[in-house]
Amino acid sequence: GLWNPNIYVEDLFWNGFVDYAWADGGASYYSVGVELLLEVKTGFGFIQVLPKVGACLKKSGTLAVFFGIYPQIPL
């Protein structure tokens, strides 16, 4: 970590997932994929940021790549 500007990297981990859903008309949808997550803390550990990048394969055979940043502030 860095003391100034107070950023600490904790864990780096993979997460695999499978999503499945079906609609009223009998249609089904599914995807399977992986995501890479990194736990980062700042503000002396008060604010946690969880950036995520991943890829999934959909039922249609297309590959989707996604990225997101999820802040977590305990209140």
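Note: the structure precedes this text.
Residues numbered from 1 in each chain as written. Predicted model: local features only at pLDDT ≥ 70, side-chain atom pairs only at ≥ 80, totals over all residues. Heavy atoms only, no water.

Participant: Tell me about the environment of Tyr20, residues and numbers included.
Facilitator: Inspection of the secondary structure assignment puts Tyr20 in strand S1 (residues 7–22). Take Tyr20: its relative accessible area is 53%, and that puts it in the exposed class. Sequence-wise, Tyr20 and Val32 are 12 residues apart; in three dimensions their C-alpha atoms are separated by 8.8 Å. Not counting the four nearest positions on each side in its chain, Tyr20 is found in contact with Ser28, Tyr29 and Tyr30. (Helix = DSSP H or I, 4+ residues; strand = E, 2+ residues; numbered from the N terminus. Buried < 20%, exposed > 50% of the residue type's maximum accessible area, 1.4 Å probe, protein only. Contact = heavy atoms within 4.5 Å.)

Participant: I'd love a proper account of the packing of aromatic side chains, names of residues and values included.
Facilitator: Centre-to-centre distance and the angle between the planes together describe a pair of aromatic rings. Under the definition given, this model contains two aromatic pairs. Centroid distance Phe17 to Phe66: 6.4 Å. Interplanar angle 55°. Geometry classified as tilted. With Phe17 in strand S1 and Phe66 in strand S4 (residues 63–72), this pair connects stretches of sequence that are 49 residues apart. Owing to a relative accessible area of 26%, Phe66 belongs among the partly exposed residues under this scheme. Where Tyr20 meets Trp22, the ring centres are 5.6 Å apart and the plane angle is 50°; that geometry is what we call tilted. Residue Trp22 is classed as exposed on the basis of its relative accessible area, which comes to 66%. (Phe/Tyr/Trp six-rings, centres within 6.5 Å; stacked < 30°, edge-to-face > 60°.)

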